[in-house]
Amino acid sequence: MNSFSSSDYTTLRSIPELHNVPDDQLLWLLANSEIRTLQFGEFLFEPEMPLDHLHFILEGSIDSFLIQEEQKKIIFQYQQGGILGFFPYSDNLKSVSYCQAASSLKLASYPKSKIQVLISQNPDLTKALVKILVSRTNNFTTHTLQNEKMIALGKLSAGLSHELNNPIAAIQRDTSELGRLFVGDELLDLLLGGTGLDDAQQAALHQAMNQWKKLSRPHGMKPSEIIALEKDWLEKLTSWGMKNPVEAAEVFTDSGISAEEVGYWVEKIPFEKADSWLSGIQFFLQSQALVSTIKRATERINNLIGAVKTFTHSNQESTRTPLDLSKGIENTLIILGHKLKVAKVEIAFSKPDLPVIIAGYPSELNQVWTNLIDNAIDAVAGIISPRLEIRIVPENDKVYVSISDNGAGIPAEVKARIFDPFFTTKGIGKGSGMGLDLVNQIMLKHGGKIQADSEPGNTTFLLEFPKN
């Protein structure tokens, strides 16, 4: 066996799954393992190759991948401290994937032929390795189930998008035509024709009405202020001779038009013509509002369909692609928009002015954002002034994403288990315990990591990604 260094022992000792393994058993493992190196691009395994060693990565990283439809699909990226190969009591005797060095690689490789010696002489090490094996089996099941769901959702969103494209295009086309008819000069000329005003006055009123269609009630008005304004409009419309002023008062209130400006023109119009003109203005304002509402609704449908298509990535990327972190988060916020609105969650999203690009799998990272943001919404339920803060911070060769909420926090007694497979604090039927475990696996696949910091009123999940 090759000699090992103190840094090799330090690497083994830093592996979280081996924390409870005594020093003498880790030193025994290193002393009885072959210390070997691989260069970038060299293969450790290929499909159907016998698993004849248990490997511990001391330096570097290695990609586990499949070839599907002539494309490379990364399954997992093992970093320094990663463990792979043949495990004690495992039934897996052959590799099902390729494992290729993603950098210069240093390994401690223990031979399968001596696995019974390891088991008999190192009970704590054996227990830790079996726990890793069981956890990976659960993780594989979790990941497979989640991928199947995403593929099904991707197919559904593609079909839904195809079916909705034509009717939405028709609605948008007809809405534009309605806007032209209801807001065009022809309608304004008809409304002006019965006012009895001279040409100069009609020209001035025409210009004023063109401005009115651009106005709307100021945002942030209190209900009491709206009620008072509507009451004022009702009194004025009644005094101006309008026969059905109740509905009109609501329309004029929402329009944002100044009552003094309308009153200025009412005084210039013969009293007997005022009702007809004011009713025409009411119709003009209502038609404009309806056209705007339909336009906004179709835009929201389009945005939602686009977000679902981007979110699911129905083609399920087989290779890493450059992606903008903020886009995935924004699409997830759109998908969860209704839940955020119902929960009345205030959102603060801080990001750099320029896109932050990393190499990754968009559909899988969208699952990360969904799980973390959805959990945060649940965490702030019942909180006064619930708040969700998301930040993207590039720093040297890393990118950090933090997702914070002001909920009750994670109890100290469960914090250490939140990334365990199938562990959940939610009630029956409300959580499977797969979410944070899946998040952790996806982060590892991207060569990143996640950690949680929590106290009452401030819980933060911090995600670290390599830039390249």
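Look above for the structure.
Quick caveat: nothing in here was measured; it's all calculated off a predicted structure.

**Some words on the overall build of the protein chain**
Next up, step 1: The secondary structure content of the protein chain amounts to 15 helices and 15 strands.
Next up, step 2: Taken over 468 residues, the protein chain has a buried fraction of 43%.
Next up, step 3: Restricting to contacts in the protein chain with at least 6 residues of sequence separation, those with at least 24 account for 74%.
Next up, step 4: Within the structure as shown, the protein chain displays about 25100 Å² of accessible surface, and the carbon and sulfur contribution to it stands at 55%.

**Comments concerning the sheet that holds strand β3 (residues 53-59)**
Next up, step 1: Pairing is antiparallel in the open sheet, where four strands are placed in the order β1-β8-β3-β6. Looking at the sheet topology across the chains shown, the edges are occupied by β1 (34-38) and β6 (83-85). Within the sheet, the average angular offset between the axes of one strand and its neighbour, ignoring direction, is 35°.
Next up, step 2: Note that β3 and β6 share three bridges and pair antiparallel. Opposite L54, over in β6, you have G85 as the bridge partner.
Next up, step 3: Those strands touched by helix α1 (residues 6-14) are β3 and β8 (105-111), and its axis lies near 105° from that of β3.

**Things to note about the pairing of strand β13 (residues 398-405)**
Next up, step 1: Buried residues dominate β13, accounting for six of its eight residues.
Next up, step 2: Note: strand β12 (residues 387-395) against β13, eight bridges, orientation antiparallel. Residue pairing across strands places V393 opposite Y400, the latter belonging to β13.
Next up, step 3: In textbook terms, the turn of a hairpin is the stretch between consecutive antiparallel strands, and for β12 and β13 this stretch comprises two residues, one of which, N396, has a positive phi near 55°.
Next up, step 4: In the sheet, β13 pairs with strand β15 (residues 458-466) via eight bridges, with the strands oriented antiparallel. Looking at the pairing, I403 lines up with F461 of β15.

**Observations concerning the packing of aromatic side chains**
Next up, step 1: Going through the model one piece at a time under the given rule, you end up with nine aromatic pairs.
Next up, step 2: Centre to centre, the rings of W233 and W240 are 6.4 Å apart; their planes meet at 80°, and the pair counts as edge-to-face.
Next up, step 3: Residue W240 is classed as buried on the basis of its relative accessible area of 14%.
Next up, step 4: Ring centres of Y264 and W265 lie 5.1 Å apart, and the angle between their planes is 85°; this geometry places the pair in the edge-to-face category.
Next up, step 5: Among the residues examined, Y264 registers a relative accessible area of 43% and is labelled partly exposed.

Reading the values: rules and limits
- One numbering rule holds for all chains: residues counted from 1, following each sequence as written.
- Residues qualify for local features only when their pLDDT is at least 70, as the model is predicted, and side-chain atom pairs are given and counted only at 80 or more; totals for whole chains, interfaces and linings, by contrast, use all residues.
- Computation of side-chain values covers all heavy atoms of the structure but excludes hydrogens and water.
- Runs of E in the DSSP output that reach at least two residues are strands. Runs of H or I that reach at least four are helices, and both are numbered from the N terminus.
- Relative accessibility thresholds used throughout: buried, under 20% of the residue-type maximum; exposed, over 50%; partly exposed, between the two (1.4 Å probe, protein chains only).
- We call two residues in contact when some of their heavy atoms are within 4.5 Å.
- Residue exposure ignores everything except the shown protein chains as possible cover, and the areas themselves are Shrake-Rupley values with a 1.4 Å probe.
- For two strands to pair, DSSP has to find at least two bridges joining them.
- Only the stretch in contact is used when fitting a helix axis, every axis being a line fitted to C-alpha atoms; angles between N-to-C directions are given from 0 to 180 degrees.
- In this scheme Phe, Tyr and Trp rings, the latter by its six-membered ring, pair at centre separations within 6.5 Å, and the angle between planes marks the pair as stacked below 30 degrees, edge-to-face above 60, and tilted otherwise.

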